[in-house]
Amino acid sequence: MLRLWAPLASSVRLEINGGVHELTKAQHGWWSSSHHLHHGDFYTFEVNGTSGLPDPRSPWQPEGVHGRSCYVDHSRFEWNDARWQQRPLSSAIIYELHIGTFTSDGTFDAAIEKLDHLVNLGITHVEVMPIAAFQGEHGWGYDGAALFAPHHPYGGPEALKRFVNACHQRGIAVLLDVVYNHLGPTGNYLPKFGPYFSERHNTPWGSALNFDGPDSDEVRRFFCDNALMWLRDYHIDGLRLDAVHAIIDTSAIPFLEQLASEVDALRAHLGRHFVLIAESDLNDPRVIRSPELGGYGLDAQWSDDIHHSLHSLLTGERDGYYEDFGTLEHVATSLRRPFVYAGRHSSHRRRSHGRPPVGLHGHRFVAYLQNHDQLGNRAHGERLCNLASLERVKIGAALILTSPYIPMLFQGEEWAAKSPFLYFVDFSDEPDLARSVAEGRCKEFSAFGWEPGDIPDPTDDLSFHKSKLNWAALSEDQHSEMLRWHKSLIAIRSQLSELTSGRLDLTASRFSAEEQWLEVMRGPIRILANFSSTGIPFSINDQSHVIALSSNPACRVIANELHLEAESIVILATQQIVDQLSLPGEDESVVKPQGLERRSRKLDRV
């Protein structure tokens, strides 16, 4: 039976194959029809005399977000992942990618061709940026308009299923980024059907969604059904929920808690593991605490404090929210506690920020050195390798991949790709909107001192094409060297239980602000980094630790002393542990000198 929620409508008709069929009004604002849709049928709705409206739950928009909807029979696809189960999130190495720029073709099918690269790297989960249909050929995906329809230029529903199927065949789980805090500025027809938006709340992108006002039950149903569809019909393994701090909900049972509960019910029904990961800048542990403890019950959340601490130290940047970071103390704290700001005063916010994540495991937090936001929200979309030396980038990568958190890489990060990740949209069919977006971007960055002429135009196709990965560069020495480094780090992490442990109480750190070195202890594993421009000598008093992995082969023992080279990092373990390690290929950065113990010098402890 065909159903449509349109509580404010006085008449609803289905327009299909040149004919019109009346829908019958039912309870709670729903309308229904006995007319059956078949795979490939194109259709629209007429509501209160306005015709040609796409279905709010359209499964496919091959003519674009303003065009007709197309029905999809999900039972037609032949899956071969019946015995598939994703690895636990606790052992995950996540890889964030954008379908449109991950390959030159920018499609799901083209992305399949690069999956073996991810397998060889050691990736366990890919996190795909939003794919819900949006205006134009290309865009980030955070301005989705038809939330149930995979973006047609990427290949549409069947291609998405092929991509997920191919990932599962290679042992890779698929996480999908979804946006439940706003819709795009064009192609959003939800207000034509019902009160999906609130007049009481606002977000940075306009009116907030109606999660807590009159008729909000069916609005919540819309978004819960959307989440369940991705997991059930497309075999997606989990969702990353964009900017949950912008979901305004004063209900006794918040939408996020309802969503987690319904996903848990689907998990039990299908016998498959699903995960929900939140993006939140609140530093509020309630996002991932269980409902019994007053939380929402999500599985994990991103931690920007870890990124900000490392980025500001590695690059020296102190603008914007980076003014709250920049010291070794921030980095040392972030590597044993995911929120640097946990009730601490923030200069950037001019208030206290955050709450201590007491009792929470490190595996409840995702850590990263780069992601789409931290690149794309820069005026020129620069990657970290364009802002800091490769030696310092190696330090950052090692600290993330040896941390007690769930590590995540952004596409191309593993080989220090030089291509920027700019903000880009395709509003070529709507010039007024395109002009408004371009002017807004210029105004935003002009306030930070950028010349308007130096700011890339997000509506220019060049911004999109510049952001595509140049896979041909992977064969160049500096890129292959960085790829070997990441492969080695991931291999060591996967082989040492001390590094996959999320026990924050077993993670300690110390540092010297004067000499610019940092040491992180993960049980018997020690990670020692030198951020300074000069080498640091360490006397050897304890032979129990040797170097398992070094970012610089010159870090060697000479005359009973280890020299930690400038801008370098080493991973130390006992000889017994090192002897059992199996590292990928020939990598001259792997050296095995003698153990070490730091000379007695002035220390800053946290």
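Note: the structure precedes this text.
Quick summary incoming for the structure in this document. Since this is a predicted model, take the numbers as computed values, not measurements.

With that out of the way, let us pick up the sheet that holds strand β1 (residues 2-5). Across the sheet, which stays open at both edges, the three strands sit in the order β1-β5-β4 with antiparallel pairing between neighbours. Two strands bound the open sheet, and with one partner strand each, they are β1 and β4 (24-25). Examined bridge by bridge, β4 and strand β5 (residues 30-33) share two bridges and lie antiparallel to one another. Note that in β5 the partner of Thr24 across the bridge is Ser32.

One way to put it is that helix α5 (residues 216-233) packs onto helix α6 (residues 255-270) with a least axis distance of 10 Å and a crossing angle of 35°. When you trace α5 past α6, the crossing you get is right-handed. Residues Arg220, Arg221, Phe223, Cys224, Ala227, Leu228, Leu231 and Arg232 of α5 lie in contact with α6, whose contacting residues are Phe255, Gln258, Leu259, Glu262, Val263, Leu266 and Leu270. Grouping the constituent residues of the contact of α5 with α6 by class yields ten nonpolar, one polar and four charged.

Take α5 next. The first and last C-alpha atoms of α5 sit 25 Å apart over 18 residues, in line with the 26 Å expected at 1.5 Å per residue. One or two steps after α5, the chain reaches His235, where phi turns positive at roughly 60°.

Let's shift gears to the side chain of Lys161. Here Lys161 is to be found in helix α4 (residues 156-169). Glu158 provides the closest opposite charge to the buried, unpaired Lys161, separated from it by 4.2 Å. If sequence neighbours within four positions are ignored, Lys161 has contacts with Val72, His74, Phe77, Trp79, Asp233 and Tyr234.

The next subject is the sheet that holds strand β21 (residues 365-368). In a beta sheet, neighbouring strands pair by backbone hydrogen bonds and run either parallel or antiparallel. Reading around the circumference, β9-β10-β13-β16-β17-β18-β21-β22 is the order of the eight strands in this closed barrel, with parallel pairing throughout. Going from strand to strand, the sheet's axes swing by 30° on average, the running direction of each strand aside.

Next up on the list: the pattern of salt bridges. Between side chains of opposite charge, a pair can form as their charged atoms come close. Scanning the entire structure with this criterion turns up 26 salt bridges. Linking Arg57 and Asp225 is a salt bridge whose minimum nitrogen-to-oxygen distance equals 2.9 Å. One end of the pair, Arg57, is in the loop between β7 (50-53) and β8 (69-70); the other, Asp225, is in helix α5, with 168 residues separating them in the sequence. Since its relative accessible area comes to 25%, Arg57 is described here as partly exposed. Three or more residues joined by partner-sharing salt bridges are found here, namely Arg57, Arg221, Asp225 and Glu262.

What follows deals with unusual backbone geometry. Notably, Arg350 is not glycine yet its phi reads approximately 60°, a positive angle. Examined against the element boundaries, Arg350 turns out to sit in the loop between β19 (344-346) and β20 (351-353). Look at Gln516: it is not a glycine, yet its phi comes out positive at around 60°. Locating Gln516 in the fold gives a position in the loop between β23 (507-512) and β24 (517-522). The exposure class of Gln516 is partly exposed, given its relative accessible area of 25%.

The next point concerns the packing of helix α7 (residues 304-315) against helix α10 (residues 390-401). Two elements in contact, α7 and α10, have axes whose closest approach is 10 Å; the angle formed by their N-to-C orientations is 160°. Classified by the angle their axes make, α7 and α10 are roughly antiparallel. For the crossing formed where α7 meets α10, the hand is right-handed. Between α7 and α10, the residues in contact are Ile306, Leu310, Leu313 and Leu314 and Arg392, Gly396, Leu399 and Ile400, respectively. Each residue belonging to the contact of α7 with α10 can be placed in one class, and the counts come to six nonpolar, one polar and one charged.

Looking at the secondary structure, you find Asn552 in the loop between β27 (545-550) and β28 (557-558). Residue Asn552 is classed as partly exposed on the basis of its relative accessible area, which comes to 22%. When the C-alpha positions of Asn552 and Lys468 are compared, they lie 30 Å apart, and in sequence the two are 84 residues distant. Among the polar contacts made by the side chain of Asn552, one reaches the main-chain amide nitrogen of Ala554 at a distance of 2.8 Å.

The nonpolar side chains of a soluble globular protein tend to be buried, and buried together. Phe163, Tyr180, Trp230, Leu239 and Leu399 are the most contacted members of the largest nonpolar core, which totals 138 residues. When residues of this core are assigned to their parent elements, the largest contribution, nine residues, is made by α5. Not counting residues within four places of it along the chain, the set of residues in contact with Trp230 comprises Ile131, Leu147, Phe148, Ala149, Pro150, Leu160, Leu176, Val178, Tyr180, His235, Ile236 and Leu239. Core analysis: the next-biggest nonpolar cluster, separate from the first, contains twelve residues, Leu89, Ala92, Ile277 and Met408 among them.

What follows concerns α10. The terminal C-alpha atoms of α10, which comprises twelve residues, lie 16 Å apart, in line with the 16 Å expected from a rise of 1.5 Å per residue. By the criterion of burial, α10 is predominantly enclosed, with ten of the twelve residues buried. The set of residues buried in α10 consists of Arg392, Val393, Lys394, Ile395, Gly396, Ala397, Ala398, Leu399, Ile400 and Leu401.

About the criteria used
Residues numbered from 1 in each chain as written. Predicted model: local features only at pLDDT ≥ 70, side-chain atom pairs only at ≥ 80, totals over all residues. Heavy atoms only, no water. Pairing = 2+ DSSP bridges. Helix = DSSP H or I, 4+ residues; strand = E, 2+ residues; numbered from the N terminus. Axes fitted to C-alpha atoms, helices over the stretch in contact; angles between N-to-C directions. Left-handed = near helix turned anticlockwise from the far one by under 90°. Contact = heavy atoms within 4.5 Å. Nonpolar A, V, L, I, M, F, W, Y, C, P; charged D, E, K, R; others polar. Expected span 1.5 Å × (residues − 1). Buried < 20%, exposed > 50% of the residue type's maximum accessible area, 1.4 Å probe, protein only. Lys, Arg positive; Asp, Glu negative; His and termini not counted. Salt bridge = Lys/Arg side-chain N within 4 Å of Asp/Glu carboxyl O. Parallel < 35°, antiparallel > 145°, perpendicular 65-115°, else oblique. Polar contact = N/O pair within 3.5 Å; in protein donor to acceptor, adjacent residues only side chain to side chain. Core = buried A, V, L, I, M, F, W, Y, C linked by side-chain atoms within 4.5 Å.

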